[in-house]
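Residue strings, one per chain:
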Amino acid sequence: MLKVGLTGGIATGKSTVSEWFRQKGAKIVDADQVARQVVEPGTEGSRQIRDRFGDRVFRATGELDRKALREWVFRDATALKDLNQLLHPLIIRQMQAEVQEALEESPDLPVILDVPLLIEERLTDLVDTVVLVYIPAELQLKRLMEREGISEEEAGRMIQAQMPIEEKKKFADVLIDNSGTRADTEGQVDVLWETLLSKSGSNRL
Ligand SMILES: CC(C)(COP(=O)(O)OP(=O)(O)OC[C@H]1O[C@@H](n2cnc3c(N)ncnc32)[C@H](O)[C@@H]1OP(=O)(O)O)[C@@H](O)C(=O)NCCC(=O)NCCS
Ligand SMILES: Nc1ncnc2c1ncn2[C@@H]1O[C@H](COP(=O)(O)OP(=O)(O)O)[C@@H](O)[C@H]1O
């Protein structure tokens, strides 16, 4: 039973790396996905967001207008803090339930918790090991701008809402350097997977 926290900064490559772990058979608990579930129409999260942010961050269908909320919170630190305070307890509860389910289903396989804010939110105690997907800050800005099709200014605001990637290194047990090619990174994932498997008590080595 091994719980692995997979983190990094926005656009450093967590999703890319977690997809490779998934292909190897790891169970993935994805905080961004859980964050979407807990605000679906009719949920407690959705109600709380409407109370704090109003109808203007919702579509007529009752779905959250993620772009509107995103543009708001990454310009307004108080709004972001409020959003985090509303959603994080709901996200953590749901993630813990998913981790439990994964461990019951496959106790010998590592569970990967893909959580962008693992370090900022002091969730490192929930996991046995912290893996940081690292790229230098300039490359992070470039990949974020390209992935989202946004300006340098907007990308910079999103990056600044998180702990700088260099600082996160101090909290990591393992670093994955994703500044090279995808193949370079995949090689590091292969090696790490073998180590994680042996630590999680699997005999499949
Ligand atoms: C603000 C929000 C509505 C924007 O929605 P969106 O445009 O669909 O964007 P996503 O949810 O895909 O988030 C994009 C990235 O923003 C960053 N981000 C999200 N919420 C953040 C927050 N509260 N503080 C700092 N960065 C945040 C993450 O790095 C995230 O994922 P990535 O690193 O895998 O790329 C949505 O991110 C949200 O609800 N955030 C609050 C919940 C939360 O904290 N989620 C992070 C997981 S704990
Ligand atoms: N090694 C790499 N070389 C080039 N582009 C990459 C590499 N790894 C990831 N990317 C790209 O960088 C962007 C950010 O990666 P992603 O996995 O979405 O990051 P995160 O989940 O951390 O936000 C994506 O557009 C992805 O396709």
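Values in this document were obtained by computation on a predicted structure and should not be read as measured data.

### So, the UniProt feature "binding site: ATP" (unreviewed entry) in the protein chain
Under the UniProt annotation, the feature "binding site: ATP" (unreviewed entry) is placed at Ala11, Thr12, Gly13, Lys14, Ser15 and Thr16. By the secondary structure assignment, Ala11 is in the loop between β1 (3-8) and α1 (14-24). Excluding anything up to four places from it in sequence, Ala11 contacts Ile135, Gln140, Arg143, Leu144 and Arg147. By relative accessible area, which is 0% here, Thr12 ends up buried.

### Observations concerning the packing of aromatic side chains
In total, this model carries two aromatic pairs according to the counting rule given. Where Phe53 meets Trp72, the ring centres are 5.0 Å apart and the plane angle is 90°; that geometry is what we call edge-to-face. Of this pair, Phe53 sits in helix α3 (residues 44-53) while Trp72 sits in helix α4 (residues 66-73), and the two are 19 residues apart along the sequence. The pair Phe53 / Trp72 is uniform in exposure class, with both members buried. Here the guanidinium or amino end of Arg52 rests over the ring plane of Phe53, the centre of that ring lying 4.5 Å away.

### Overview of the site of ligand 1
What surrounds ligand 1 is a group of 21 residues, the closest being Lys14, Asp32, Arg66, Asn84 and His88. Contacts to ligand 1 include Asp32, whose side-chain N or O atom sits 2.8 Å from an oxygen atom. Relative to its unbound accessible area of 840 Å², ligand 1 is 92% covered by the protein chains. Within the residue set of the shell around ligand 1, elements represented by two or more residues are α2 (31-37), α4 and α5 (77-105). Of the residues contributing to the shell around ligand 1, the split by class is 12 nonpolar, three polar and six charged.

### Looking at the pairing of strand β3 (residues 111-114)
Neither face of β3 is open: one carries Val111 and Leu113, the other Ile112 and Asp114, and all of them are buried. Strand direction decides the pairing type here: strand β2 (residues 27-30) and β3, joined by four bridges, are parallel. Bridge pairing in β3 places Val29 opposite Leu113.

Scoring rules and cut-offs
Residues numbered from 1 in each chain as written. Chains lettered and ligands numbered in written order. Predicted model: local features only at pLDDT ≥ 70, side-chain atom pairs only at ≥ 80, totals over all residues. Heavy atoms only, no water. UniProt positions renumbered as here; feature names shortened; annotations may be inferred. Helix = DSSP H or I, 4+ residues; strand = E, 2+ residues; numbered from the N terminus. Contact = heavy atoms within 4.5 Å. Buried < 20%, exposed > 50% of the residue type's maximum accessible area, 1.4 Å probe, protein only. Phe/Tyr/Trp six-rings, centres within 6.5 Å; stacked < 30°, edge-to-face > 60°. Lys NZ or Arg CZ within 6 Å of the ring centre and 35° of its normal. Near = heavy atom within 4 Å. Polar contact = N/O pair within 3.5 Å; in protein donor to acceptor, adjacent residues only side chain to side chain. Areas by Shrake-Rupley, 256 points an atom, 1.4 Å probe, with all protein chains shown as cover. Nonpolar A, V, L, I, M, F, W, Y, C, P; charged D, E, K, R; others polar. Pairing = 2+ DSSP bridges.

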